[in-house]
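Survey of secondary and tertiary structure
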Amino acid sequence: MKYSFRNNFMIRIAAGILALLLVVLCLFVKTPEVLADWSSYYSTGQCNYSPAVSSADQIDTYFPESYRSSLKGLLQAHPNWSFKAMYTGFTWARLFDHTADPAYSAMYPNKAQSYYTETYPNRNLVYYANTSNLGITLAWYSTDIEGAYNWASNSWVPKDSGKWYQASEAAMAYCMDPRNFLTEEQIFQFFDGSNRIGNDESAVIPLIENIFRTTGNTFWLQDRESADVWDYYEEIEVTEAPTESESESETESEEPTESSEPEIMIVYHYMTYAEAIAKACAEVGINEAMVTARLLQEQGNGGSPLISGESGYYNYFNMGAGGSSQAEIIANGLQEARNEGWDTRWKALYGGIQKFAKKLVKAGQPTLYTQKFNVDSASTRSLWGQYMQNLTAPQTECRTLRNMLSTVTSTAPAVFVIPVFKDMPAAVCQRPTDNRNPNYKLGSIYVNGTSLSGFNMDKTEYGNVNVGTSSTATLDIMAYAPTSKVNVKVTFDGTETAPNVSYASDKRYSQVTLALGIGTSTVEVTCVAENESTRTYRFTLTREQGETPTEPPTEPTAPPTEPPTESGSEQPGGLGPGDINQDGKINIMDIGIQRDSILSRRTLTDIEFGLADVDSDQRISILDIGILRDYILQRIDKIVKP
């Protein structure tokens with residue numbers, strides 16, 4: 001008994017000490033919820049969420065300071081709303097990084113590394129004519145991503161169906177910064193679509209019908225008599241009793257007839273689109289308004305071949321419908337429908353809603369924002385598993401969604417899931433507004449009629465050009481954009497000079513004459529785009545010490561001011577053959593016109609063609625360019641047309 005009592009006593013002492021320690025710990029350590037700070041949620045390195053907060057104090061706890069003022073204003077106007085912070089696990093810079101995480105590369109070894117970034121080509125496109133409602137300017141289109149911009153033609157490269165351009169990083173930063181959209185309208189980018197509006201299916205149907213009505217999409221408004229959506233059918237055997245007259249007409253002498261197969265009547269159970277959407281959403285467990293908004297976004301007024309039924313298949317959500325042309329988009333979308341077996345409208349609606357829920361809404365992408373930008377670092381499809389290429393889709397679609405939900409969210413609770421990134425810029429990323437041409441590249445630089453060796457628009461450093469004993473050098477420069485300007489700086493013996501640049505009537509072409517000292521001069525030719533971005537090309541010119549004075553010769557070296565008599569018919573103005581732009585000089589600018597004609601960049605007038613076709617073979621070719629070059633280099637003293 002002593003042993004048992006002693007052990008029991010020691011246990012009681014240990015329990016008391018433990019309880020005392022717990023009391024002390026409680027005095028100094030608060031619960032995680034009270035202690036929680038938004039930045040601490042990145043400790044796991046993966047995506048996680050805050051609770052749904054609905055008070056100003058909770059907003060201070062779970063959101064960075066730059067979010068708080070806007071969210072508090074929304075909460076004050078809508079006390080029934082709540083906000084969840086989505087701690088993505090990504091740094092802000094990671095969204096625009098062209099190097100994939102090794103884990104992703106190992107998981108998808110056949111994908112290029114840049115595939116896993118938001119800046120991957122064709123993943124973020126801007127509609128080229130979408131300038132009216134979103135303030136799209138030239139700064140929204142990329143010149144940095146390979147293949148997005150053609151510098152030589154001074155134009156963006158069409159993507160997808162030919163009506164889209166690759167988005168610039170500045171545009172992506174603006175659209176991906178959640179702080180830009182914490183407003184009454186744009187907050188619906190973050191509306192959580194993983195919950196239904198309500199459990200009463202019959203009450204949801206009028207809401208969907210009203211959505212179609214207010215958006216003017218009468219295609220979707222049906223009554224039972226005209227509905228063509230059915231979810232199942234019944235086969236009913238038809239039996240008809242003979243009439244009295246038929247019975248009397250029968251005689252005993254008639255031979256018995258063989259029994260015929262019973263007539264089968266198929267009875268379809270039709271639904272309107274509103275009923276079908278409500279039924280599918282109830283079975284799948286997804287928000288009806290988000291589905292309806294997506295349906296209207298994808299199909300508009302219902303005129304697409306993907307839902308016409310002409311092919312025998314339907315694809316209401318344009319799943320798998322991608323391609324470089326409209327025909328390819330339709331073909332791919334119908335192939336997706338065949339693969340899924342969507343050969344009735346109900347199968348396509350239900351199957352599309354089911355797939356939309358499984359692949360997106362219930363897989364970490366419950367909002368319009370996350371369906372465009374999959375910023376869940378825990379997702380195997382993070383940074384690339386998106387629903388739409390359109391960069392501005394969340395901004396435009398949330399307007400429709402807001403209108404749909406206006407009658408619901410005014411009284412019913414609504415939850416908004418808002419992403420938060422590590423190391424976000426202190427200032428909110430601004431909307432790009434610059435509408436000036438960004439082309440800052442040169443197409444050619446000629447020195448005394450000869451191109452810089454190995455010239456390339458992307459190469460900026462060149463070697464030395466020896467100009468002999470000449471005291472001057474003439475630069476002929478072509479920019480790709482007529483809105484660009486050219487600045488030239490010459491440094492000789494530590495002294496800088498900035499010669500005047502003379503522009504042709506076609507502003508792409510310019511010319512400058514440099515005065516050279518004996519020795520080596522450094523030349524910098526800077527192309528300044530209309531939007532003030534620049535690129536500088538550098539090379540050196542060496543003038544040798546001659547035995548005779550190097551002043552310009554007294555005899556004129558310019559071609560005669562009158563057309564040579566051998567040139568045939570009289571030409572209007574200028575020098576005659578070779579003086580294509582008729583400015584009284586034959587130089588690199590005229591060669592540029594010939595080159596543009598050969599490359600189909602320019603259509604010559606009849607007069608210009610006659611002046612450019614110096615070998616009279618009725619076409620403009622490299623032979624014509626060679627004749628002008630020989631004349632400029634004084635290898636021939638006149639141009640004579642055969």
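Residues numbered from 1 in each chain as written. Predicted model: local features only at pLDDT ≥ 70, side-chain atom pairs only at ≥ 80, totals over all residues. Heavy atoms only, no water.

Moving on, we get to the sheet that holds strand E1 (residues 48-49). Sheet strands pair via backbone hydrogen bonds, and the direction of the pair is either parallel or antiparallel. The strand order across the open sheet built from three strands is E1-E2-E9, with neighbouring strands paired in mixed fashion. One side of each edge strand has no neighbouring strand; the edge strands of this open sheet are E1 and strand E9 (414-422). (Pairing = 2+ DSSP bridges. Helix = DSSP H or I, 4+ residues; strand = E, 2+ residues; numbered from the N terminus.)

Let's shift gears to helix H12 (residues 345-361). The first and last C-alpha atoms of H12 sit 22 Å apart over 17 residues, in line with the 24 Å expected at 1.5 Å per residue. Within the span of H12, buried status applies to Arg345, Trp346, Ala348, Leu349, Gly351, Gly352, Ile353, Phe356, Ala357, Leu360 and Val361. (Expected span 1.5 Å × (residues − 1). Buried < 20%, exposed > 50% of the residue type's maximum accessible area, 1.4 Å probe, protein only.)

Residues in a regular strand project their side chains so that they alternate between the two faces of the sheet. With eight of 11 residues buried, strand E2 (residues 81-91) lies mostly within the body of the structure. With two bridges connecting them, E1 and E2 associate as antiparallel partners. Within E2, the position partnered with asparagine 48 by the bridge is tyrosine 87. Here eight bridges tie E2 to E9, and the two strands are oriented parallel to one another. Directly across from serine 82, in E9, lies its bridge partner valine 415.

With that settled, the discussion passes to the nonpolar core. Formed by 122 residues in total, the largest nonpolar core has its most connected members in Phe63, Phe83, Ile187 and Tyr316. Judged by nonpolar contacts, the second largest core, of 23 residues, contains Tyr462, Val467, Ala473 and Phe539. (Core = buried A, V, L, I, M, F, W, Y, C linked by side-chain atoms within 4.5 Å.)

Bringing the packing of aromatic side chains into the picture now. If you walk through the whole model with that rule in mind, you get 33 aromatic pairs. Between the aromatic rings of tryptophan 220 and tyrosine 316, the centroid separation amounts to 6.1 Å while the plane-to-plane angle is 55°, which identifies the pairing as tilted. You can see tryptophan 220 sitting in the loop between helix H7 (201-214) and strand E7 (229-238) and its partner tyrosine 316 sitting in the loop between helix H10 (288-299) and helix H11 (326-340), a full 96 residues away along the chain. With a relative accessible area of 1%, tryptophan 220 lands in the buried category. By relative accessible area, tyrosine 316 is classed as buried at 0%. Site record: aromatic cluster; members linked through ring pairs are Tyr127, Tyr128, Tyr141, Tyr149, Trp151, Trp156, Trp164, Tyr165 and Tyr440. Over the aromatic face of tyrosine 49 sits the side chain of lysine 84, whose NZ or CZ is 5.5 Å from the ring centroid. (Phe/Tyr/Trp six-rings, centres within 6.5 Å; stacked < 30°, edge-to-face > 60°. Lys NZ or Arg CZ within 6 Å of the ring centre and 35° of its normal.)

Turning our attention to unusual backbone geometry. Backbone geometry places aspartate 493, a non-glycine residue, at a positive phi of 55°. Structurally, aspartate 493 can be placed in the loop between strand E14 (485-492) and strand E15 (495-497). Since its relative accessible area comes to 72%, aspartate 493 is described here as exposed. Backbone geometry places glutamate 532, a non-glycine residue, at a positive phi of 75°. With respect to the helices and strands, the residue glutamate 532 is situated in the loop between strand E18 (519-528) and strand E19 (534-543).

Attention now goes to the pattern of salt bridges. Within the structure shown, the criterion is met by 23 salt bridges. A salt bridge links lysine 355 to glutamate 336; its shortest N-O distance comes to 2.5 Å. Here the residue lysine 355 occupies a position in helix H12, and glutamate 336 occupies one in helix H11, the gap between them amounting to 19 residues. Glutamate 336 gets classed as buried once you look at its relative accessible area, which sits at 17%. The salt bridge partner of lysine 355 is glutamate 340, with a shortest N-O separation of 3.0 Å. In this pair, lysine 355 sits in helix H12 while glutamate 340 sits in helix H11, placing the two residues 15 residues apart along the sequence. Here the salt bridges do not stand alone but share partners, grouping Glu461, Lys489, Glu496, Glu524 and Arg538 into one network. (Salt bridge = Lys/Arg side-chain N within 4 Å of Asp/Glu carboxyl O.)

As for its placement among the helices and strands, leucine 368 is situated in helix H13 (residues 368-372). On the basis of relative accessibility, which here comes to 4%, the residue leucine 368 falls in the buried class. For the pair leucine 368 and aspartate 192, spaced 176 residues apart in sequence, the C-alpha separation works out to 8.6 Å. Excluding its chain neighbours within four sequence positions, the residues that come into contact with leucine 368 are Phe188, Gln189, Met290, Arg294, Met388, Pro394, Glu397, Cys398 and Leu401. (Contact = heavy atoms within 4.5 Å.)

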